[in-house]
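# A closer look at the structure
The residues making up each chain are set out below.
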Amino acid sequence: MFESLSQRLQNTFDRLGGGRVVTEQDVKDAMRDVRMALLEADVALPIVKDFVGRVRDRAIGAEVHKTLRPHEQVVKIIHEEMRDTLGEAGRLNFSGSTKPHVIMMVGLQGSGKTTSAAKLAMYLRKEGRQPFLVAADTYRPAAVDQLVTLAKQVNIPYYEEGVSAKPTDIAKRGLEAAKNADASVVIIDTAGRLQIDDQLMTELEEIKRRTNPAEILLVADAMTGQEAVNIATGFNERVGITGLVLTKVDGDARGGAALSMRAVTGVPIKFMGTGEKISLETFEQFHPERIADRILG
Ligand code: GDP
């Protein structure tokens, strides 16, 4: 596919000769390679610019470690900066919330919300909690049926009212049903759209107001490209997200959206989806290293 960044940097530095200190000219040429690699990985342009600026500052004048060649030193700095930007895997945080804790799943249609809701329920059950699913996506025709099928398949209790009731009412009544069922965590699957729109955001704000979630997880497809910044900012400004779930990490995408979304929202990436199958094997805690390697190629 693409030439790896490491390979590309090696070629650049070979051309430059290269001493024991990374010079400004080295860095300038290397940063062109970094910019290209990040854009090919679909990191959004403003994020690429910030990232390259930070790497440049760290790299200029950096002593080349005895055991490293200059391009390896720059690759090391890039990896460190990438890890710092991606952050550690975030854990679910229920502090300050009372049981049953509410998790709202939000995101664009097709991002993998419903699938991730079911996987998350399995994950919570494995942690020893009592999860409960609520089908509040009345917008996408088959979403309620899909959630019910998945809930039955993995044997998780659920609440649904079809698609004619208001999502906010379903969410509220679902929460009551979860309390009656002695659930400890309620996962609400909300509606998405093909793009952000005002009606959707108003609905999500209302569900938030009525269910007081401990976590609002934005589910995003790893294939999301330059739109990642708008999507993450749009959801964050209106509903205030607390974490990200990156799906379809098993696909070909290099996953630059992870870096873009994390950078603009500052919220941690908590989980990754790595397959269509509803299973614990396809829902993992976020691994910054793995995504960093993929983005950098
Ligand atoms: P929603 O509209 O956000 O609820 O999206 P869905 O949960 O229905 O997912 C949309 C499509 O993406 C479905 O075909 C899912 O099987 C698929 N999908 C979801 N998560 C993953 C994943 O981690 N990997 C792969 N390969 N496919 C996924």
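Residues numbered from 1 in each chain as written. Predicted model: local features only at pLDDT ≥ 70, side-chain atom pairs only at ≥ 80, totals over all residues. Heavy atoms only, no water.

This part takes up the environment of G87. With respect to the helices and strands, G87 occurs in the loop between α4 (70-86) and β1 (101-106). Put simply, G87 and I269 are 182 residues apart on the chain and 7.7 Å apart in space, counted from C-alpha to C-alpha. In contact with G87, not counting residues within four places along its chain, are R262, F286 and P288. (Helix = DSSP H or I, 4+ residues; strand = E, 2+ residues; numbered from the N terminus. Contact = heavy atoms within 4.5 Å.)

When the UniProt feature table is mapped to this numbering, "domain: SRP54-type proteins GTP-binding" (unreviewed entry) covers residues 100-297. The span residues 100-297 shows a helical share of 42% and a strand share of 20%, and its end C-alpha atoms are spaced 42 Å apart. (UniProt positions renumbered as here; feature names shortened; annotations may be inferred.)

Before going further, it helps to spend a moment on the site of the ligand. Among the 17 residues in the neighbourhood of the ligand, the closest are listed as G110, K113, T114, T115 and D250. Measuring from an oxygen atom of the ligand, one finds a backbone N or O atom of T274 at 3.4 Å. Contact between the ligand and E276: an oxygen atom at 3.3 Å from a side-chain N or O atom of the residue. Here the ligand has 580 Å² of accessible area as a free molecule, and 82% of this is covered by the chains. Ranked by the residues each element gives to the shell around the ligand, the list is headed by helix α5 (residues 113-126), at 4 residues. (Near = heavy atom within 4 Å. Polar contact = N/O pair within 3.5 Å; in protein donor to acceptor, adjacent residues only side chain to side chain. Areas by Shrake-Rupley, 256 points an atom, 1.4 Å probe, with all protein chains shown as cover.)

The terminal C-alpha atoms of α4 lie 24 Å apart, and with 17 residues this matches the ideal 24 Å at 1.5 Å per residue to within 8%. P70, H71, Q73, V74, V75, I77, I78, E81, M82, T85 and L86 are the residues of α4 that are buried. G87 sits one or two positions beyond α4 and adopts a positive phi of about 80°. (Expected span 1.5 Å × (residues − 1). Buried < 20%, exposed > 50% of the residue type's maximum accessible area, 1.4 Å probe, protein only.)

Turning our eyes to something else, we now look at the packing of helix α8 (residues 198-211) against helix α9 (residues 228-239). Packed helix pairs are characterised by how far apart their axes lie and by the angle those axes make with each other. Running from amino to carboxyl end, α8 crosses α9 at an angle of 45°, the nearest separation of the two axes being 9 Å. By the angle class used here, α8 and α9 are oblique. The two elements α8 and α9 cross, and the hand of that crossing is right-handed. Between α8 and α9, the residues in contact are D198, L200, M201, T202, L204, E205 and K208 and G234, F235, R238 and V239, respectively. A per-class count over the contact of α8 with α9 returns 5 nonpolar, 2 polar and 4 charged. (Axes fitted to C-alpha atoms, helices over the stretch in contact; angles between N-to-C directions. Parallel < 35°, antiparallel > 145°, perpendicular 65-115°, else oblique. Left-handed = near helix turned anticlockwise from the far one by under 90°. Nonpolar A, V, L, I, M, F, W, Y, C, P; charged D, E, K, R; others polar.)

Per the counting criterion, the structure on display carries 20 salt bridges. A salt bridge links D84 to R58; the shortest N-O distance between them is 3.2 Å. Of this pair, D84 sits in helix α4 while R58 sits in helix α3 (residues 45-59), placing them 26 residues apart in sequence. On the basis of relative accessibility, which here comes to 51%, the residue D84 falls in the exposed class. (Salt bridge = Lys/Arg side-chain N within 4 Å of Asp/Glu carboxyl O.)

Judged by nonpolar contacts, the single largest core of 75 residues is most densely connected at L38, I78, M82, L86, F235 and I291. Aside from chain neighbours lying at most four places away, what touches L86 is A258, L259, R262, I269, F286, P288, I291 and A292. Grouped together as the second largest cluster of nonpolar side chains are 28 residues, I103, M105, M122 and V154 included. (Core = buried A, V, L, I, M, F, W, Y, C linked by side-chain atoms within 4.5 Å.)

Relative to the elements of secondary structure, R15 occurs in helix α1 (residues 5-16). Using a relative accessible area of 63% as the deciding quantity, one classes R15 as exposed.

Most of β1 sits out of view: 6 of its 6 residues are buried. Neither face of β1 is exposed, since H101, I103 and M105 on one face and V102, M104 and V106 on the opposite face are all buried. In this structure, β1 lies alongside strand β4 (residues 185-190), joined through 5 bridges in parallel fashion. Counted as the bridge partner of M105 is D189 from β4. Looking at chain direction, β1 and strand β5 (residues 215-221) are connected through 4 bridges and run parallel. Following the sheet pairing, M105 is matched in β5 by L217. (Pairing = 2+ DSSP bridges.)

Okay, the packing of aromatic side chains next. Applying the stated criterion to the full structure yields 3 aromatic pairs. An angle of 75° between the planes, with centres 4.9 Å apart, marks the rings of Y123 and F271 as edge-to-face. A residue pair is termed long-range when its members are at least 10 positions apart, and Y123 in helix α5 and F271 in strand β7 (residues 269-273) qualify at 148 residues. A ring pair is formed by Y123 and F283, whose centres lie 6.0 Å apart and whose planes are at 75°; its orientation type is edge-to-face. In this pair, Y123 is assigned in helix α5 and F283 in strand β8 (residues 283-285), connecting sequence segments 160 residues apart. For the residue pair Y123 and F283, the accessibility class agrees, reading buried in each case. Chaining the aromatic ring pairs together yields one cluster made of Y123, F271 and F283. The aromatic ring of Y139 is capped on one face by R193, whose charged end is 3.7 Å from the ring centroid. (Phe/Tyr/Trp six-rings, centres within 6.5 Å; stacked < 30°, edge-to-face > 60°. Lys NZ or Arg CZ within 6 Å of the ring centre and 35° of its normal.)

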